[in-house]
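Residue-level listing of the chains:
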Amino acid sequence: MTKTTEVASVNTDRAVASRRRTKASGTSHPQGRRTWGQLLRHATPWLFLAAPLVLLITFTYVPVGNMIYYSFTDWDGISPDRNFTGADNYVQIFTRPELFRVFFVSFYYLAASVAQIAIALYFATVLSFDLRFRNLFKGLLFFPYLINGVAIGFVFLYFFQDGGTLDSVLSWFGADTDHAWLGDPESANTSLAGVSVWRFTGLNFVLFLGAIQSIPGELYEAAQLDGATRWQQFRHIIAPSIRPVLSLSIILAISGSLAVFEIPYIMTGGATGTSTFVIQTVKLAFQFNKTGLASAAAVVLLLIILLITWIQRRLVPDEKVDLV
């Protein structure tokens, strides 16, 4: 009996020792797998971000850096020689009236942006409620934004020309059509700003409509039970809810009015006082071969847009809207 007990004890010790050896020999592998898994888990987001970051740096930040560098030189865009001129290009922009005066043309487009935001907000509010053919009206409002800007420029070029579509329509009502719509600065800039309203109202309309449709329907039902009118629903429910989107639209409107290019460039080429800051910058670079001066103008435009955006964000900060 004693011998059997000793044999069993020996077998037990051997089993315990075997398990210890197995555990000791396998401790490094799970730990190694855990370490590799942790590294892979931390690196996975950066692996997904690698390609977008490379593209962003290559096609955005590197060109901006080169533009800032060129703005301190007299480079003509062709010659390999780039002589450093300091802040001379910036001094020319702010001291030569003909270079900075084109900013006043942006006021036409800024006024047009205010009009298009008001129109888009009105139609977005109306079409957010039950209305016959509202999907048709949504498509009609958004369709102009889908058309290429070059095509729009050529279409409205024939629309405003002497004896064109606008003159033909006005003649039906007995109005005087002996007017060159693109012949003097005031009417030309007003006409071009009107084209921008027609084109970009759809973008603001979609932004506002999406924000309005995200408002819970229970709020409208409660307002109707309390006897609120449509205007009161807009003032106390819709307007506070879409404040962040409205702020974004204002930023886009201001930056867009300062950076107008394709429509006036195609329709008038910047003639008759319709040249914008961007058109002037393009002409400085590719027509007069003053790439350094054009780069400085582009930097000034970028800084102005950033400054206006910063001021707007300070005056109207984003606030969390909680109406429920």
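Within every chain, residues take consecutive numbers counted from 1 along the sequence as written. Local features in this predicted model are restricted to residues whose pLDDT is 70 or higher, and side-chain atom pairs enter the listing and the counts only when it is 80 or higher, whereas totals over whole chains, interfaces and linings include all residues. Hydrogens and water are ignored here; the side-chain numbers use all heavy atoms of the structure.

Student: Could you clarify how one ought to interpret the packing of helix α3 (residues 88–95) against helix α15 (residues 291–315) in this entry?
Tutor: To describe two helices that pack against each other, one gives the angle between their axes and the distance between the axes. With their axes 9 Å apart at the nearest point, α3 and α15 run at an angle of 65 degrees to one another. Regarding the angle of α3 to α15, the classification is roughly perpendicular. Helix-helix and strand crossings are classified by hand; for α3 and α15 the assignment is right-handed. Residue-level contacts link Asn 89, Tyr 90, Gln 92, Ile 93 and Phe 94 of α3 to Gly 292, Leu 293, Ala 296, Ala 297, Val 299 and Val 300 of α15. In the scheme used here, Gly and all other residues not listed as nonpolar or charged are polar, with Ala, Val, Leu, Ile, Met, Phe, Trp, Tyr, Cys and Pro taken as nonpolar and Asp, Glu, Lys and Arg as charged. Tallied by class, residues from the contact of α3 with α15 come to eight nonpolar, three polar and no charged. The angle between two axes is taken between their N-to-C directions and runs from 0 to 180 degrees, where each axis is a line fitted to C-alpha atoms and a helix contributes only its stretch in contact. Comment: elements are numbered from the N terminus, with helices defined as DSSP H or I runs of at least four residues and strands as E runs of at least two. Here the word oblique covers every angle except those under 35 degrees (roughly parallel), over 145 (roughly antiparallel) and from 65 to 115 (roughly perpendicular). By definition, turning the near helix anticlockwise from the far helix through less than a right angle yields a left-handed crossing, and turning it clockwise yields a right-handed one. Should any heavy atoms of two residues lie within 4.5 Å, those residues are considered in contact.

Student: Would you mind showing me how to read the pattern of salt bridges here?
Tutor: When their charged atoms lie close together, side chains carrying opposite charge are able to pair. When a carboxyl oxygen of Asp or Glu is within 4 Å of a side-chain nitrogen of Lys or Arg, the pair counts as a salt bridge. For the structure on display, the rule yields two salt bridges. Across the pair Arg 96 and Glu 98 runs a salt bridge, and its minimum N-O distance is 2.9 Å. The rule is simple: take the accessible area with a 1.4 Å probe, protein chains only, and divide by the maximum for that residue type; under 20% is buried, over 50% is exposed, in between is partly exposed. Under the relative-accessibility criterion, Glu 98 is labelled partly exposed at 38%. Its salt-bridge partner being Glu 262, residue Arg 199 comes within 2.1 Å of it at the nearest N-O pair. Taken together, the positions of Arg 199 in helix α9 (residues 185–213) and Glu 262 in helix α13 (residues 262–267) put the pair 63 residues apart, joining distant regions of the chain. Residue classification places Arg 199 among the buried residues on the basis of a relative accessible area of 9%.

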